[in-house]
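Structural characterization, general
Each chain is listed here by its residues.
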Amino acid sequence: MATVALKEVTKVFPGGTVAVDGLDLDVADGEFLVLLGPSGCGKSTVLRIVAGLESPSAGSVLLDGELVNELPPRERRIAMVFQDFALYPHMTVGDNIGFPLKLAGAEPGDRQERTSNVAAALGIGDVLGRRPSQLSGGQRQRVAMGRAIVRQPGLFLMDEPLSNLDSGLRAELRAEISALTRELGVTTIYVTHDQAEALTMADRVAIMRNGVLQDVGSPTQVYSRPATLYVAAFLGSPRMNLLEASVYVQLDRHVTLAIGDQALYLPWDDMRSRRMAHYHGERIVVGMRPEALTPVAPDTPGHRLVGKIRYLEHHGHETLAFLDVGATAVALDEPSIPTQRAAASANAAGRGGLGRLLTRFSKGNRGGAAATAEAGEPGDRPRNPQSVFFDPGRHHQKPAEVVVRLAPYPQIAVGQSLNVAVSLEALHFFDERGDRIDLHQR
Ligand SMILES: Nc1ncnc2c1ncn2[C@@H]1O[C@H](COP(=O)(O)OP(=O)(O)OP(=O)(O)O)[C@@H](O)[C@H]1O
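Keep in mind the model is a prediction, meaning the values are calculated, not measured.

Reading the values: the criteria
Residues numbered from 1 in each chain as written. Predicted model: local features only at pLDDT ≥ 70, side-chain atom pairs only at ≥ 80, totals over all residues. Helix = DSSP H or I, 4+ residues; strand = E, 2+ residues; numbered from the N terminus. Expected span 1.5 Å × (residues − 1). Buried ≥ 20, exposed ≤ 12 C-beta atoms within 10 Å, placed from the backbone. Pairing = 2+ DSSP bridges. Axes fitted to C-alpha atoms, helices over the stretch in contact; angles between N-to-C directions. Near = placed C-beta within 6 Å. Nonpolar A, V, L, I, M, F, W, Y, C, P; charged D, E, K, R; others polar. Core = buried A, V, L, I, M, F, W, Y, C linked by C-beta atoms within 7 Å. Domains from an automatic or database assignment. Contact = placed C-beta atoms within 7 Å.

Below, the discussion takes up helix α4 (residues 137-149). When the terminal C-alpha atoms of α4 are compared, their 19 Å separation across 13 residues agrees well with the 18 Å that a helix rising 1.5 Å per residue should span. α4 sits mainly inside the fold: 10 of its 13 residues count as buried. Arg-140, Gln-141, Arg-142, Val-143, Ala-144, Met-145, Gly-146, Arg-147, Ala-148 and Ile-149 are the residues of α4 that are buried.

Let us look at the sheet that holds strand β11 (residues 241-250). Taken in spatial order, the five strands make up an open sheet running β13-β12-β11-β14-β20, and their pairing is antiparallel. A single partner strand is all that each edge strand has here, and the edge strands are β13 (262-267) and β20 (427-430). Across this sheet, the average inter-strand angle for adjacent strands is 35°, counted without regard to direction. In this sheet, strand β14 (residues 283-288) lies alongside β11 in antiparallel orientation, the contact comprising six bridges. Looking at the pairing, Asn-241 lines up with Met-288 of β14.

The ligand sits among 13 residues. The nearest are Phe-13, Ala-19, Ser-39, Ser-44 and Thr-45. Sort the elements by how many residues they give to the shell around the ligand and helix α1 (residues 43-51) lands first, with three residues. Split into classes, the residues belonging to the shell around the ligand amount to three nonpolar, nine polar and one charged.

Val-4, Val-34, Leu-157, Ile-189, Ala-206, Val-286 and Val-404 are the most contacted members of the largest nonpolar core, which has 109 residues in total. Here the element with the most residues in this core is helix α8 (residues 229-234); it accounts for six residues. Viewed by domain, this core spans two of them, domain 1 (4-230) and domain 2 (238-430), each represented by three or more residues. Beyond its immediate stretch of four places on either side in the chain, Val-286 contacts Leu-243, Ala-245, Leu-257, Ile-259, Leu-427 and Phe-429.

Quick look at the sheet that holds strand β15 (residues 293-296) now. Within the open sheet, the five strands sit side by side as β15-β19-β16-β17-β18. Their pairing is antiparallel. What marks the edges here is a single partner per strand, and that holds for β15 and β18 (399-406). Pairs of neighbouring strands in the sheet enclose a mean axial angle of 45°, with direction left out of account. Sheet topology places strand β16 (residues 304-314) next to strand β17 (residues 319-328); six bridges connect them, and they run antiparallel. Opposite Ile-309, over in β17, you have Leu-323 as the bridge partner.

Keep in mind these numbers describe shape, not what the thing actually does.
Spelled out as structure tokens, the structure:
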């Protein structure tokens, strides 16, 4: 249907705001790509540039391989769906859906048939005679979708189309939208700041921060192998535990990761140890999601951390324990990422789902060749130019709290010690700039 290629696209608004900064991104034919990031990171601007509603200050936009920088929006075979649906209030549902066909000069009979088919496919065939004010939020969203698909566009652009709906309806519609776009085979770029939407709907997710692409990959890739510290912290709830560690390399034996007074040992035959050799004597950031941590009995052998429970948070289906392991927290100074108390995974649910995927993925990609190829074209490489961690002025030895998942109401209290087994395969390592160490050559 359509491919999209953005090459070195930059947008500087009058006044100097750099909304998009050197963006390289390819969207394959029929792909569902989600642009994810906090408010103001430049997602909508990218969408508007693809639509032709904004022109880039530099760089090229290609649709189906053809340069379209100068092509007006209506000649781009694109349909857009917005947050506020933008329906015509005085027209019936049928007229709203059929309006693009009317504009294109379609015969009334043909218009009616195509409108009815689309409405039936969307489950709103019985409300064609109503006006938008007589519809529920979900029905209005379906009408907006119907109006977008009726002309069989090559490309769908959706800007937070579900953000005005309640959470139950959002979950229902996100499944419908992904099923519909896949059925139609239409290339789709979908903008959201909601990570659940991104991870459940996307073929690939592109994460932006301050106009800069941070990472792009399948939901599993960006979650289990985040390219930057920012992505690691942005995706996941509770968020990834991020601890400062000092690296000491014992050649041919192991790499010691000193975390406060404790240590984890990465065996030498772990491919990541060779990369780590470049950081001997330096500080790095070790990331561990709660899924990587399992509470164990005190004398259990293996890779472990011990911490004192500072706080317990009961969520009904699970309890989060916040442990002081004597480590130093990494200061992110990032308004889009709420600070979190630092959580192990004891219940069965915590070990399944993404936890299992995470282990499988990191095993499957040992050696890095497959991961590197899947992470995208050279142009899609993540960059993290803004961040430098371990700035002595920024963190005042703030103790990290490590978040561990426990069974619903554990027989354990604040102040007690907890031992957690650490899955080494599920650890993430980032350098002082916040770049993933096993992705970036030093
Ligand atoms: N027409 C404009 N003139 C000046 N600055 C703009 C304009 N449009 C957007 N910006 C700025 O560009 C930056 C990126 O905005 P954009 O709307 O693309 O972000 P976003 O990630 O879509 O955010 P949101 O989710 O809040 O819509 C912001 O700092 C915004 O204030």
